[in-house]
Amino acid sequence: MFHGELLDLMCAANSIVALSGAGVSAESGIPTFRDAMTGLWARFNPEELATPQAFAKDPQLVSRWYDQRRCDVLKCKPNAGHIALARLEETCRQKGRPFTLITQNVDRLHRAAGLQNVVELHGNLFTWRCIDCGGEADESGPAFDDHPPRCECGGLRRPGVVWFGEALPREALLKAQRASGKCALFMSLGTSSVVYPAAALVDLALQYGANVLEINPEQTPLSRRAHWSLRGKCGEILPDLIPRAGS
Ligand code: BJW
Ligand code: ZN
């Protein structure tokens, strides 16, 4: 059962921003970022592998980890949470209300669920980029034979994700900041809210006077500042919440 006030707000909100994190894809079978070291990878720390320094030191190791994750994600499908968000986008479009889905996820599952307008803050696992000429390749096929894969120019290709210490894609960040700074409702979904600048988007929303809804089975640094902090899984709560909000 949901708080009536929250449902009223979702129905009336003139513009909505949803920021998603790894928890939204957890029910598709994709480990969250901070749980991503299972099996063979159990002895590595993701925060140490997701850096330009790690790639410079051991490009083969980092390439193998990302290729494994890329191949794992290719086997996964969007879950009920992704599908509910696609439905929310569609409802907002029909009502002529702005809806912006900002994701920190690199798995492209929001697109696979049919969302048309996805702002990818941390890139994705499928676009690999040459470190010499900058040329990009779309990699949606089977596991690589060579690690890291090589560009036609002979340079090494790296995954097109944003590592710690790297700047986020400028256009995506600006779009996310603009939308967050003028929304009526900001939804923080399945994210630990510890990685910046994504974790600061909610501050822009709060400064503007937006209401903030968080959905996460665990408490996060945002929980106490959110107007509603629902403890549970996105794949269970979102499908329940969104059809009602759309009516
Ligand atoms: C469920 C669930 C279910 C489970 N339903 N929920 C300010 C303060 C402090 C530090 C900094 C700062 N500004 C910058 C920094 C440094 C750094 C940073 O933030 N460090 C912090 C860790 C302290 N930030 C950066 O370095 C960024 N760059 C930058 O600032 O550059 C500056 C610059 C400017 C100009 C020129 C040059 C530089 C870049 C950050 C890039 C982050 N990249 C990663 C890796 C991507 C590739 C990969 O996947 O390997 O992005 S890190 C990782 O964290 C990944 C994620 O997108 C991101 C966020 O994680 P997320 O999504 O929240 O996942 P988890 O695993 O943490 O949490 C999952 C949550 O789901 C949990 O809460 C569960 O409870 C929950 N959950 N099941 C709902 N069913
Ligand atoms: Zn090249």
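The written sequence of each chain sets the order in which its residues are numbered from 1. Ligands are numbered from 1 and chains lettered from A, in the order in which they are written. Residue-level local features of this predicted model are given only where pLDDT is at least 70; pairs of side-chain atoms are given and counted only at 80 or more, and the full residue set underlies all totals for whole chains, interfaces and linings. As a rule here, side-chain values cover all heavy atoms of the structure and leave hydrogens and water aside.

Visitor: So what's going on with the overall build of the protein chain? Which residues, and what values?
Guide: Strands here mean DSSP runs of E at least two residues long; helices mean DSSP runs of H or I at least four residues long; both are numbered from the N terminus. For the protein chain, the count of helices and strands is 10 helices and 9 strands. We take the radius of gyration over the C-alpha atoms and set the globule estimate at 2.2 Å times the residue count to the 0.38 power. In summary, the protein chain has a C-alpha radius of gyration of 18 Å against a globular reference of 18 Å for 247 residues, a match within 12%. Considered along the principal axes of its C-alpha atoms, the protein chain spans approximately 55 × 35 × 30 Å. For every residue, the accessible area obtained with a 1.4 Å probe (protein chains only) is divided by the maximum for its type, and the residue is called buried under 20%, exposed over 50%, and partly exposed between those limits. Expressed as a percentage of its 247 residues, the buried residues of the protein chain come to 52%. For the protein chain, the share of sequence-separated contacts (at least 6 apart) that also reach a separation of at least 24 residues comes to 68%. Here the protein chain displays about 11800 Å² of accessible surface, and carbon together with sulfur accounts for 50% of that area. Averaging the locations of the 27 positively and 27 negatively charged side chains of the protein chain gives two centres separated by 3 Å. Any two residues whose heavy atoms approach within 4.5 Å are treated as being in contact. Per-residue accessibility takes into account occlusion by the displayed protein chains alone, with areas from the Shrake-Rupley method and a 1.4 Å probe. Working convention for charge: Lys and Arg count positive, Asp and Glu count negative, and His plus the chain ends are omitted. All charge positions are set by atom: Lys at NZ, Arg at CZ, Asp at CG, Glu at CD.

Visitor: Describe the pattern of salt bridges, with residues and values.
Guide: What counts as a salt bridge is simple: a side-chain nitrogen of Lys or Arg found within 4 Å of a carboxyl oxygen of Asp or Glu. A complete count under the given rule lists 12 salt bridges for this structure. The partner of Glu47 in a salt bridge is Arg34, and the shortest N-O contact between them spans 2.9 Å. A residue pair is termed long-range when its members are at least 10 positions apart, and Glu47 in helix α3 (residues 46–49) and Arg34 in the loop between α2 (23–26) and α3 qualify at 13 residues. Ionic pairing is found between Arg108 and Asp138, a salt bridge with its closest N-O pair at 3.7 Å. On the criterion of sequence distance, the pair formed by Arg108 in the loop between β2 (99–103) and α7 (109–112) and Asp138 in strand β5 (residues 136–138) is long-range, its members being 30 residues apart. Residue classification places Arg108 among the partly exposed positions, given a relative accessible area of 23%.

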